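Commentary on secondary and tertiary structure
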Amino acid sequence: MLAEARAWRLAEMRQERGYTQAQVAERMGVSKVRVSQIESGQVSGTDVVARYVEALGGSLVMVAVFGDGELRKVG
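Residues numbered from 1 in each chain as written. Predicted model: local features only at pLDDT ≥ 70, side-chain atom pairs only at ≥ 80, totals over all residues. Heavy atoms only, no water.

In the nomenclature of an unreviewed UniProt entry, the protein corresponds to Helix-turn-helix transcriptional regulator from the organism Streptomyces durmitorensis.

Re the overall build of the protein
Going by this rule: Where helices and strands are cited, they refer to DSSP runs of H or I of at least four residues and of E of at least two residues respectively, numbered from the N terminus. For each residue, the accessible area found with a 1.4 Å probe, counting protein chains only, is set against the maximum for its type, and the residue is called buried under 20%, exposed over 50%, and partly exposed in between. We call two residues contacting when some pair of their heavy atoms lies within 4.5 Å.
When helices and strands are tallied, the protein shows four helices and two strands. Shown N-terminal to C-terminal, the secondary structure of the protein runs as helices and strands in the order α-α-α-α-β-β. In the protein, which comprises 75 residues, the share counted as buried stands at 29%. In the protein, the share of contacts with a sequence separation of at least 24, taken over all contacts with a separation of at least 6, comes to 34%.

Observations regarding a nonpolar patch on the surface
The criterion, for reference: Residues form patches when they are more than 30% accessible in relative terms and have no salt bridge. Like charges link within 9 Å. Nonpolar side chains (Val, Leu, Ile, Met, Phe, Trp, Tyr) link within 5 Å. To measure how exposed things are, a 1.4 Å probe is used in the Shrake-Rupley method; for residues, cover is taken only from the protein chains shown. Note on definitions: salt bridges are taken to be side-chain nitrogens of Lys or Arg within 4 Å of carboxyl oxygens of Asp or Glu.
A contiguous nonpolar surface patch, about 350 Å² in accessible area, is contributed by Val-61, Val-63, Val-65 and Val-74. The biggest single contributor to the nonpolar patch is strand S1 (residues 61-66), with three residues. Among the secondary structure elements, Val-74 is positioned in strand S2 (residues 69-74).

Let's talk about the pairing of S1
The condition that has to hold: One bridge is not enough; two strands pair if DSSP finds at least two bridges between them.
Inspection of the sheet shows S1 paired to S2 by six bridges, in the antiparallel sense. The partner of Val-61 across the bridge, within S2, is Val-74. Hairpin connection of S1 to S2: two residues between the antiparallel strands.

Brief notes about the nonpolar core
Note the following rule: Here the nonpolar core consists of buried residues drawn from Ala, Val, Leu, Ile, Met, Phe, Trp, Tyr and Cys, with membership extended through side-chain atoms lying within 4.5 Å.
One finds Leu-10, Tyr-19, Val-24, Ala-25, Met-28, Val-35, Ile-38, Val-43, Val-48, Tyr-52, Ala-55 and Leu-56 forming the largest nonpolar core, which totals twelve residues. Mapped by element, the contributors of at least two residues to this core are helix H2 (21-28), helix H3 (32-39) and helix H4 (46-55).

Examining the packing of H2 against H4
Test applied: In this analysis an axis means a line fitted to C-alpha atoms, helices contributing only their contacting stretch, and an angle means the value between N-to-C directions, from 0 to 180 degrees. Oblique is the label for any angle not under 35 degrees, not over 145, and not in the 65 to 115 range, which are roughly parallel, roughly antiparallel and roughly perpendicular in turn. Definitions for this section: a left-handed crossing has its near helix turned counterclockwise from the far helix by less than a right angle. A right-handed crossing has that turn clockwise.
Where H2 contacts H4, the axes come no closer than 9 Å and their chain directions differ by 110°. Here H4 runs roughly perpendicular to H2, going by the angle between their axes. Relative to H4, H2 is oriented so that their crossing is right-handed. When H2 is examined against H4, the residues Val-24, Arg-27 and Met-28 are found in contact with a partner set consisting of Val-48, Arg-51, Tyr-52 and Ala-55.

Points about the pattern of salt bridges
Close approach of charged atoms allows side chains with opposite charge to pair. Using the criterion set out here, one finds four salt bridges in the structure. Put simply, Arg-9 and Glu-12 hold a salt bridge, and the shortest N to O gap is 2.0 Å. Of this pair, Arg-9 and Glu-12 are both found in helix H1 (residues 2-16), three residues apart, which corresponds to roughly one turn of the helix.

Set out below in structure tokens:
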């Protein structure tokens, strides 16, 4: 369920920015089928999502939250 929700938001972000799957695929250096798989939740992983987000002009930020602080990684 979480993968589906995450995938849906990726497609929504792409559409809000006016990109087609083909354009994202070209920017990532992958096929349009691969972008479709990413957006449908069939392909996941931090590295894949980071490359997808970068293709949209953003950057992925991971945050680990602890009681006494947090650890950030910008990818």
